[in-house]
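Take a look at the letters that make up each chain.
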There are 2 protein chains.
Amino acid sequence: MKLAVAGVGAVGRSVAELAGEYGHTVVALADSRSAAVADALDVEAALAEKREAGRVGDLDPEAALEADYDVLVEATPTTLGDAEPGYGHVVEALARDRHVVLANKGPVAERYDEVRARERESAGSVRFEATVGGAIPVLSTIADLGPGQVTAARGVLNGTANFILTRMAAEGLGYEHVLAEAQDLGVAEADPSFDVEGTDAALKCVILANVLNDGAGAGRGFTLDDAEVTGISDVPGEALDLAAEDGRTIRLIGEVAGERIRVGPRLVPEHGTLAVSGTRNIVQLETTHAGRLNISGRGAGGPETATAVLSDVGRLPPLE
Amino acid sequence: MKLAVAGVGAVGRSVAELAGEYGHTVVALADSRSAAVADALDVEAALAEKREAGRVGDLDPEAALEADYDVLVEATPTTLGDAEPGYGHVVEALARDRHVVLANKGPVAERYDEVRARERESAGSVRFEATVGGAIPVLSTIADLGPGQVTAARGVLNGTANFILTRMAAEGLGYEHVLAEAQDLGVAEADPSFDVEGTDAALKCVILANVLNDGAGAGRGFTLDDAEVTGISDVPGEALDLAAEDGRTIRLIGEVAGERIRVGPRLVPEHGTLAVSGTRNIVQLETTHAGRLNISGRGAGGPETATAVLSDVGRLPPLE
């Protein structure tokens with residue numbers, strides 16, 4: 001497949017670097033202010049130019065969206081509300097009857113019904129495995145089981161929050177102290193609110209709710225407004241100590257059951273399946289006939305998330 | 001899809017019972033001595049006849065194989081060596097340009113290259129998710145990642161052996177005692193050797209090795225003879241006590257790395273990912289770019305394994 005990659009953060013960069021290994025060709029690469037387009041783009045050179053000159057090439061970003069690609073890989077930063085510019089990129093690609101693979105959560109968390117409506121009018125398809133749980137194959141597992149067969153999904157969907165809770169429990173340290181440590185390590189952003197307030201986990205749960213209710217025919221396009229969200233910044237170190245005395249610990253758990261979407265700190269068994277440590281993610285799926293499935297692994301990271309993007313590309317049907 | 005189901009053990013029965021829920025029609029059902037065939041078979045009636053009269057219908061078993069089906073679900077018991085009669089059923093379905101979905105491990109564990117060769121000459125495809133890890137989507141995850149991206153697979157692949165080791169460790173009981181208990185509970189067969197000697201886990205590892213090496217182009221058709229297998233019948237209760245003192249426990253671990261296939265009792269961390277309890281199964285996949293993925297769930301059971309069969313059916317392309 002010929003790929004146009006929009007966004008050269010950790011994920012977009014890794015997709016461009018690994019595409020060849022999966023048998024695909026990068027024909028366009030864009031950041032927010034520049035683009036490079038070629039029949040077979042020299043990815044190394046474009047990324048080197050980005051590092052040195054702050055641009056991937058001499059063209060305007062729009063040139064990448066107008067290039068002759070089969071699949072637009074949308075890996076620009078997740079935005080809330082109108083989900084722009086990602087949503088506009090999705091619309092443009094579908095209008096050209098091209099496929100879209102999203103790493104950007106915005107369009108399928110905030111404008112799911114609109115994305116699906118545009119997809120129905122297009123010869124292209126939209127896939128978004130990378131938006132939930134990084135490398136963990138959550139959405140493809142749901143698709144294989146049949147969305148109607150999955151009655152609930154829950155799990156640890158934010159590695160930064162999980163790292164902080166793991167460290168607080170293991171070292172008996174307070175939230176502010178561990179947050180500062182996580183920021184030093186690059187595990188938490190300078191502004192950590194997206195992760196520690198539960199927004200990121202909630203967006204993933206909204207996407208899961210959209211997928212699970214889509215299959216049941218009841219989809220009505222959930223958005224972040226439909227989620228009940230509590231973060232971890234108010235979890236006192238003492239709460240973790242008390243939990244440990246009882247063989248339990250605290251994790252930021254996202255949960256989707258029917259139309260209910262909740263994210264918040266929850267008590268879980270200390271050595272139980274949900275108590276993954278560090279930046280790992282886990283998703284539990286409750287199924288009608290197959291009991292509970294657990295899938296865990298790296299929930300973030302450039303190459304990890306790029307693997308999910310490239311798996312999606314591999315599942316796309318040929319165009320025309 | 002129109003399904004012919006060969007074998008009415010726990011898995012075949014569940015496939016027949018659940019097919020309608022997944023939008024498929026059962027057109028034939030066979031056990032080793034009888035068959036029922038109809039445009040839309042009354043599954044309930046055929047299974048009732050099986051319970052009451054020991055036959056699913058008035059026809060000979062061959063009638064099911066000659067029926068007008070799209071997919072043969074091969075759920076007869078796993079046999080070693082020539083893998084008959086399952087292998088013959090696969091050959092016959094492919095020769096008729098029909099799809100085959102296997103729950104029977106024999107054909108893909110003992111005659112993998114022959115199955116793939118027959119598949120290449122056919123318009124039909126062969127799928128076998130249900131043969132490894134029951135409800136756990138192991139093979140589809142490998143397919144989605146790309147087999148070349150998975151460098152090793154290991155895990156707990158036999159629920160009976162895992163149940164026995166879990167009980168021995170938890171209760172401080174000896175192997176013979178726990179085995180008898182497992183037989184009373186129906187978790188172990190009257191002749192438990194297939195499970196406790198590691199044969200069943202080894203067959204699953206052989207199938208994994210065939211799939212992983214197939215993608216790398218190095219496939220040479222591994223069989224049970226290529227596996228180094230040690231069972232759990234010689235694990236003394238004292239070994240579990242000693243392991244526990246060190247924060248570890250013992251699990252029957254199957255492992256595939258390159259062309260090496262091994263099954264045997266191994267020390268694992270007591271609260272670690274591989275130490276699943278009871279009859280649960282887990283598979284760990286080591287990947288080139290996405291780190292380690294863990295998938296766990298129910299590794300056996302009629303409806304659980306039927307779910308894997310019906311997921312495979314859902315992934316098949318339409319015929320003609």
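Residues numbered from 1 in each chain as written. Chains lettered and ligands numbered in written order. Predicted model: local features only at pLDDT ≥ 70, side-chain atom pairs only at ≥ 80, totals over all residues. Heavy atoms only, no water.

A. The arrangement of the nonpolar core in detail. Residues A:Ile164 and B:Ile164 are the most contacted members of the largest nonpolar core, which totals 142 residues. Once residues within four sequence positions are removed from consideration, B:Ile164 is found in contact with B:Tyr175, B:Val178, B:Leu179, B:Ala182, B:Val196 and B:Ile232. (Core = buried A, V, L, I, M, F, W, Y, C linked by side-chain atoms within 4.5 Å. Buried < 20%, exposed > 50% of the residue type's maximum accessible area, 1.4 Å probe, protein only. Contact = heavy atoms within 4.5 Å.)

B. Structural detail: the pairing of strand E4 (residues 71-74) of chain A. Residues and elements named next belong to chain A. Alternating positions in E4 separate into two faces, Val-71 and Val-73 on one and Leu-72 and Glu-74 on the other, with burial throughout. Relative to E4, strand E1 (residues 2-6) runs parallel, the two sharing 4 bridges. Across the sheet, the residue bridging to Ala-6 is Glu-74, located in E4. Pairing of E4 with strand E5 (residues 99-102) involves 4 bridges; the strand directions are parallel. Paired with Val-71 across the two strands is His-99, which belongs to E5. Handedness of the crossover joining E4 and E5 through helix H4 (residues 86-95): right-handed. (Helix = DSSP H or I, 4+ residues; strand = E, 2+ residues; numbered from the N terminus. Pairing = 2+ DSSP bridges. Right-handed = clockwise from strand over helix to strand, strands pointing away.)

C. Region of the structure containing the side chain of A:Asn210. Residues and elements named next belong to chain A. Residue placement: Asn-210 occurs in helix H11 (residues 199-215). Engagement of the side chain of Asn-210 in a polar contact is seen with the backbone oxygen of Val-108, the distance being 3.0 Å. In this structure Asn-210 touches Val-108, Ala-109, Tyr-112, Gly-221 and Phe-222, once residues within four positions along its chain are discounted. (Polar contact = N/O pair within 3.5 Å; in protein donor to acceptor, adjacent residues only side chain to side chain.)

D. Up close: a negative patch on the surface. Together, A:Asp60, A:Glu62, A:Glu66 and A:Glu92 make up a region of like negative charge exposed at the surface. By the secondary structure assignment, A:Glu62 is in helix H3 (residues 62-65). (Patch = residues over 30% accessible without salt bridge, like charges linked within 9 Å, V, L, I, M, F, W, Y side chains within 5 Å. Areas by Shrake-Rupley, 256 points an atom, 1.4 Å probe, with all protein chains shown as cover. Salt bridge = Lys/Arg side-chain N within 4 Å of Asp/Glu carboxyl O. Lys, Arg positive; Asp, Glu negative; His and termini not counted. Charge placed at Lys NZ, Arg CZ, Asp CG, Glu CD.)

E. Main features of the interface of chain A and chain B. Tallying the contact residues gives 30 residues for chain A and 29 residues for chain B. Each partner contributes to the roughly 2,400 Å² buried at the junction of chain A and chain B, and carbon and sulfur atoms together form 48% of this total. Among the residues chain A hides against chain B, the three largest losses belong to A:Asp144, A:His289 and A:Asn294. Together they make up 24% of the total. Summed over the shared surface of chain A and chain B, the number is 2 salt bridges. In this assembly, chain A and chain B are joined by 14 residue pairs in polar contact (both at pLDDT 80 or more). Top contributing element to the side of chain A that touches chain B by residue count: strand E12 (residues 292-298) of chain A, with 7 residues. In this structure, E12(A) lies alongside strand E12 (residues 292-298) of chain B, joined through 3 bridges in antiparallel fashion. Each bridged residue has a counterpart across the sheet, and for A:Asn294 the counterpart in E12(B) is B:Ser296. (Buried area = accessible area lost by both parts, 1.4 Å probe.)

F. Representation of the sheet that holds E4(A). Residues and elements named next belong to chain A. Reading across the sheet, the 6 strands line up as E3-E2-E1-E4-E5-E6 and stay open at both edges, with mixed pairing between neighbours. With partners counted over all chains shown, the strands left at the sheet margins are strand E3 (35-37) and strand E6 (126-127), one partner each. Along the sheet face, H4 touches E1, E4, E5 and E6 and points at about 155 degrees away from the line of E5. (Axes fitted to C-alpha atoms, helices over the stretch in contact; angles between N-to-C directions.)

G. Looking closely at the sheet that holds strand E5 (residues 99-102) of chain B. In spatial order, the strands read E3-E2-E1-E4-E5-E6 (chain B); together these 6 strands make up an open sheet with mixed pairing. The open sheet has two free edges, formed respectively by strand E3 (35-37) and strand E6 (126-127) of chain B, since each of these has just one partner strand.

H. The packing of aromatic side chains, seen in detail. Residues and elements named next belong to chain A. Per the stated rule, a full pass over the model turns up 2 aromatic pairs over all chains. Taken together, a centroid distance of 6.3 Å and an interplanar angle of 85 degrees make the contact between Tyr-112 and Phe-128 edge-to-face. Here Phe-128 lies in the loop between E6 and helix H7 (138-145) and Tyr-112 lies in helix H6 (residues 112-120), a separation of 16 residues in the sequence. Assessed through its relative accessible area of 4%, Tyr-112 is described here as buried. For Arg-111, the ring lying beneath its charged end belongs to Tyr-87, and the centroid distance is 3.6 Å. (Phe/Tyr/Trp six-rings, centres within 6.5 Å; stacked < 30°, edge-to-face > 60°. Lys NZ or Arg CZ within 6 Å of the ring centre and 35° of its normal.)

I. Region of interest: the pairing of strand E7 (residues 150-156) of chain B. All names here are of chain B. Along E7, 6 of the 7 residues are buried, which leaves the element largely enclosed by surrounding structure. Bridge analysis of E7 against strand E11 (residues 280-287) gives 6 bridges, and the strand direction is antiparallel. Residue pairing across strands places Ala-153 opposite Leu-285, the latter belonging to E11. In this structure, E7 lies alongside strand E9 (residues 248-257), joined through 4 bridges in antiparallel fashion. What sits directly across from Gly-155, in E9, is Gly-254.

J. Local environment of the UniProt feature "binding site: NADPH" (unreviewed entry) in chain A. Residues and elements named next belong to chain A. Look at the UniProt record and you will see "binding site: NADPH" (unreviewed entry) annotated at Lys-105. One can find Lys-105 in the loop between E5 and helix H5 (106-110). Given the relative accessible area of 11%, Lys-105 is considered buried. Dropping the residues within four chain positions of it, Lys-105 is found in contact with Thr-78, Thr-131, Asp-200, Leu-203, Lys-204 and Ile-207. (UniProt positions renumbered as here; feature names shortened; annotations may be inferred.)

K. Fine view of the relation of the copies chain A and chain B. With an RMSD of 0.0 Å, the operation that places chain A on chain B is a rotation of 180 degrees combined with a shift of 0.0 Å along the axis. The superposition operator between the copies reduces to a two-fold rotation axis. When C-alpha distances to the rotation axis are compared across chain A, the minimum falls at A:Ile295, with a value of 2.3 Å. Both copies present the same face, since 97% of the interface residues in chain A are matched by interface residues at the equivalent positions in chain B. (Least-squares fit on C-alpha atoms with pLDDT ≥ 70 in both.)

L. How the structure looks around the pattern of salt bridges. Scanning the entire structure with this criterion turns up 44 salt bridges over all chains. A salt bridge links B:Glu114 to B:Arg111; the shortest N-O distance between them is 2.9 Å. Judged by its relative accessible area of 17%, B:Arg111 is buried. Each of the salt bridges in this network shares a partner with another, and the network as a whole consists of A:Arg127, A:Glu129, A:Asp312, A:Arg315 and B:Asp144.

M. Seen up close, the packing of helix H4 (residues 86-95) of chain B against helix H6 (residues 112-120) of chain B. Residue and element names in this part refer to chain B. Between H4 and H6, the least distance of the axes is 9 Å, while the angle of their chain directions is 15 degrees. Classified by the angle between their axes, H4 and H6 sit roughly parallel to one another. Two packed elements cross with a definite hand, and for H4 against H6 that hand is left-handed. Where H4 approaches H6, its residues Tyr-87, Val-90, Val-91 and Leu-94 are matched on the opposing element by Glu-114, Val-115, Arg-118 and Glu-119. (Parallel < 35°, antiparallel > 145°, perpendicular 65-115°, else oblique. Left-handed = near helix turned anticlockwise from the far one by under 90°.)

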